[in-house]
Amino acid sequence: MAEIKIGDVVTRISYDRDVFFKVVEIFEDQRYATLKGLNVRVLADAPIDDLVLPSSAEIRDYKREYIKKSNESMERIFYRRELERQKRFSRAESNENNGFFDVPGTVLHIDGDEEYLELCMTTYKQLGIEAHGMCIPEKEQHKKVGQLLMEYNPDILVVTGHDGLIRNNRNFNDIESYRNSKYFIESVKAARRFEPSLDDLVIFAGACQSHYEGILRAGANFASSPHRVFIHALDPVFIIEKVAFTPINKIISARDVIDATITGIKGIGGVETRGKFREGLPRSPYE
């Protein structure tokens, strides 16, 4: 068997090699490794003897499937937006159609994973959303979120990174069973001290297998993970896009937001929330 090294892509034999991970830490004396999901927001421990190196072709196919799902979600978003734009224009005078401009909600995205943050920031740009990204370790996020909210004054806050149930601990109600859920909860509480209103500041918080109920009780609009499942790396972005582009005078149902994600209702949940999109008129000729 090939030697497992930090940075290797691996799968777990005991889980039928269902998820691909990157090795982030190895504990030789105890013969186990800490793993980070390749496209899901999870941290996990596994015995080194349980790990296997997939082939280059397997990794390529796995990434191709991830890209396919992401692209399908993006296509649905742009199709939905075009339908909404056509409806708006049909209600307006034809000679004003070219004068409208869009003002979607702005985002502060705090992420514990630099690679995922870069991916999310690229996707925000593709979706036409103004976003400010900060890479901060999960356990430090709650200490800095208030100052960052004051600095950027966003409409929407994302607090995410990696999470997961600690090895050999399956008490789903005990916050100490989770790697980072308690830090996400503290971050949401800190944000709500800054802005208590769920309409004025929309918050998504959590990662894979996070303590969903605790995060919602702390004041988040949306959270993961109701069934303690893994969530896709871009699920927070797709949730936020729906909020950012729903008109300010409309309430988004939790179902509509969940339908925008890749993971679905087992991984994401929340409460009814007011949209953040505003339409402007006329467009400046100097833009």
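Before reading further, recall that the structure is shown in the block above.
Here the structure is a predicted model, which means the values were calculated and not measured.

**Regarding helix H2 (residues 114-126)**
Then, in step 1: The end-to-end C-alpha distance of H2 is 19 Å, a good match for the 18 Å that 13 residues give at a rise of 1.5 Å each.
Then, in step 2: Inspection of H2 places Tyr116, Leu117, Cys120, Thr123 and Tyr124 among the buried residues, and these make up the whole buried set. Taken around the axis of H2, the buried residues stretch over an arc of 125°, which confines them to a single face. Opposite its buried face, H2 presents the exposed residues Glu114 and Lys125, each directed more than 90 degrees away.
Then, in step 3: The N-cap of H2, judged by a side-chain oxygen 2.9 Å from the amide nitrogen of glutamate 115 a few residues on, is aspartate 113.
Then, in step 4: Positive phi appears at glycine 128, one or two residues downstream of H2, with a value of about 75°.

**So, the packing of aromatic side chains**
Then, in step 1: With the rule as written, the count across this model stands at 3 aromatic pairs.
Then, in step 2: Here phenylalanine 27 and tyrosine 32 contribute two aromatic rings whose centre-to-centre distance is 4.8 Å and whose plane-to-plane angle is 20°, an arrangement assigned as stacked.
Then, in step 3: Note on phenylalanine 27: relative accessible area 22%, which makes it partly exposed.
Then, in step 4: Considering the side-chain rings of phenylalanine 245 and phenylalanine 277, the 5.7 Å spacing of their centres and the 25° angle between planes classify their relative orientation as stacked. Of the two residues, phenylalanine 245 sits in the loop between helix H6 (235-244) and strand S12 (251-252) while phenylalanine 277 sits in the loop between strand S14 (273-274) and strand S15 (278-280), which places them 32 residues apart along the sequence. Across the pair, exposure class does not vary: phenylalanine 245 and phenylalanine 277 are buried alike.
Then, in step 5: Its end group placed over the ring of tyrosine 15, arginine 12 keeps NZ or CZ at 3.9 Å from the ring centre.

**Overview of the side chain of histidine 109**
Then, in step 1: Relative to the elements of secondary structure, histidine 109 occurs in strand S7 (residues 107-111).
Then, in step 2: A polar side-chain atom of histidine 109 sits 2.9 Å from a polar atom in the side chain of aspartate 111.
Then, in step 3: Setting aside its immediate chain neighbours within four residues, histidine 109 contacts Arg41, Leu117, Cys120, Tyr124, His132, Gly133, Met134, Val158 and Thr160.

**Looking at the side chain of threonine 106**
Then, in step 1: Mapped onto the fold, threonine 106 is located in the loop between strand S6 (101-103) and S7.
Then, in step 2: Residue contacts for threonine 106: discarding those within four places in its chain leaves Glu130, Asn153, Pro154, Asp155 and Ile156.

**Remarks on the pairing of S7**
Then, in step 1: Along S7, 5 of the 5 residues are buried, which leaves the element largely enclosed by surrounding structure.
Then, in step 2: Residues Val107, His109 and Asp111 of S7 are buried on one face, and the alternating residues Leu108 and Ile110, pointing to the opposite face, are buried as well.
Then, in step 3: Strand direction decides the pairing type here: S7 and strand S8 (residues 131-135), joined by 5 bridges, are parallel. Pairing of valine 107 across the sheet is with alanine 131, part of S8.
Then, in step 4: The parallel pair S7 and S8, bridged by H2, forms a crossover whose chirality is right-handed.
Then, in step 5: By the bridge criterion, 5 bridges tie S7 to strand S9 (residues 156-160) in an arrangement that is parallel.

Thresholds, definitions, all that
Every chain's residues receive numbers from 1 upward, in the order its sequence appears when written. Local features are withheld for residues below a pLDDT of 70 in this predicted model, meaning they are given only at 70 or higher, and side-chain atom pairs are given and counted only at 80 or more; totals for whole chains, interfaces and linings count all residues. With hydrogens and water stripped out, all remaining heavy atoms of the structure feed into the side-chain values. Numbering of helices and strands runs from the N terminus, with a helix taken as a DSSP run of H or I at least four residues long and a strand as a DSSP run of E at least two residues long. Expected span of a helix: the number of residues minus one, times 1.5 Å. With a 1.4 Å probe rolled over the protein chains alone, any residue whose accessible area is under 20% of its type maximum counts as buried; one over 50% counts as exposed, and the rest are partly exposed. Directions pointing from the helix axis toward each C-beta atom define the arc. Counting of polar contacts relies on pairs of N or O atoms within 3.5 Å, with two restrictions inside protein: one atom must be capable of donating a hydrogen and the other of accepting it, and residues adjacent in sequence are counted only when both atoms are side-chain atoms. Here a pair means two rings of Phe, Tyr or Trp (six-membered ring of Trp) with centres within 6.5 Å. Their orientation is stacked below 30 degrees between planes, edge-to-face above 60, and tilted elsewhere. A ring is scored as having a charge over it whenever the NZ atom of a lysine or the CZ atom of an arginine sits within 6 Å of its centre and within 35 degrees of its normal. Contact definition: two residues touch when any of their heavy atoms are within 4.5 Å. Should DSSP find at least two bridges between two strands, the strands are regarded as paired. Orienting the strands away from the viewer, one traces the path from the first strand over the helix to the second; a clockwise path indicates a right-handed crossover.

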